[in-house]
Amino acid sequence: MESAMKPVSQADGSRETEIQKKRLRENCREFESVMVSYLMKTMRDGVIRAEEPENAQAVYEDMLDGQISKTLSKTSSLGIGDMLYASLEPLIKKGASKGAAPVEQKQPDNTDISSAATKNAQ
């Protein structure tokens with residue numbers, strides 16, 4: 001029975017991978033929702049109207065566009081979030097298999113640039 005149990009480090013690694021996949025899927029759907037909302041707003045702005053909409057109507061239309069875009073992204077009607085997830089998921093698997101933590105990028109050192117600029121100014 002002990003052979004069926006995974007060591008703690010492997011169990012934690014697979015659990016962490018599943019959490020990352022879940023967060024990635026949620027973020028991909030949220031990205032799709034924002035993109036569809038922007039697309040709908042742009043299309044609505046392109047419609048020629050006889051008169052400018054009132055403030056309340058503009059707010060209502062923005063809220064309606066937001067809800068429609070969220071519904072579309074949850075049902076994966078367009079598939080943008082799914083395509084994004086499919087292209088990013090292998091990166092999670094590679095990171096989990098190596099057991100590497102995310103790499104922090106260093107900020108460029110601006111002291112060399114500022115000292116060179118002051119030398120050129122003199």
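The structure reproduced in this document is the subject of the present report. (Residues numbered from 1 in each chain as written. Predicted model: local features only at pLDDT ≥ 70, side-chain atom pairs only at ≥ 80, totals over all residues. Heavy atoms only, no water.)

## Quick notes on the overall build of the protein
Note the threshold: Per the convention used, a helix needs a DSSP run of H or I reaching at least four residues, while a strand needs a run of E reaching at least two, with both numbered from the N terminus. Per-residue accessibility, obtained with a 1.4 Å probe over protein chains only, is compared with the maximum for each type, and a residue is labelled buried under 20%, exposed over 50%, and partly exposed between these values. Contacts are assigned to residue pairs with any non-hydrogen atoms lying within 4.5 Å of each other. Using a 1.4 Å probe, the Shrake-Rupley method yields the accessible areas, and only the shown protein chains count as cover for residues.
In terms of helices and strands, the protein carries four helices and zero strands. Taken from N to C terminus, the helices and strands of the protein fall in the order α-α-α-α. When burial is assessed residue by residue, the protein has 15% of its 122 residues classed as buried. Long-range pairs, those at least 24 residues apart, make up 85% of the contacts in the protein between residues at least 6 apart in sequence. Only carbon and sulfur atoms are counted for the fraction: they give 57% of the accessible area of the protein, which is about 10,400 Å².

## Section: a nonpolar patch on the surface
Where we set the bar: Candidates for patches are residues over 30% relative accessible area with no salt bridge; among them, like charges are joined within 9 Å and nonpolar side chains (Val, Leu, Ile, Met, Phe, Trp, Tyr) within 5 Å. The working definition used for a salt bridge is a side-chain nitrogen of Lys or Arg within 4 Å of a carboxyl oxygen of Asp or Glu.
Together, Y60, L64 and I68 make up an exposed nonpolar region whose accessible area comes to about 260 Å². Relative to the helices and strands, Y60 is located in helix α2 (residues 55–74).

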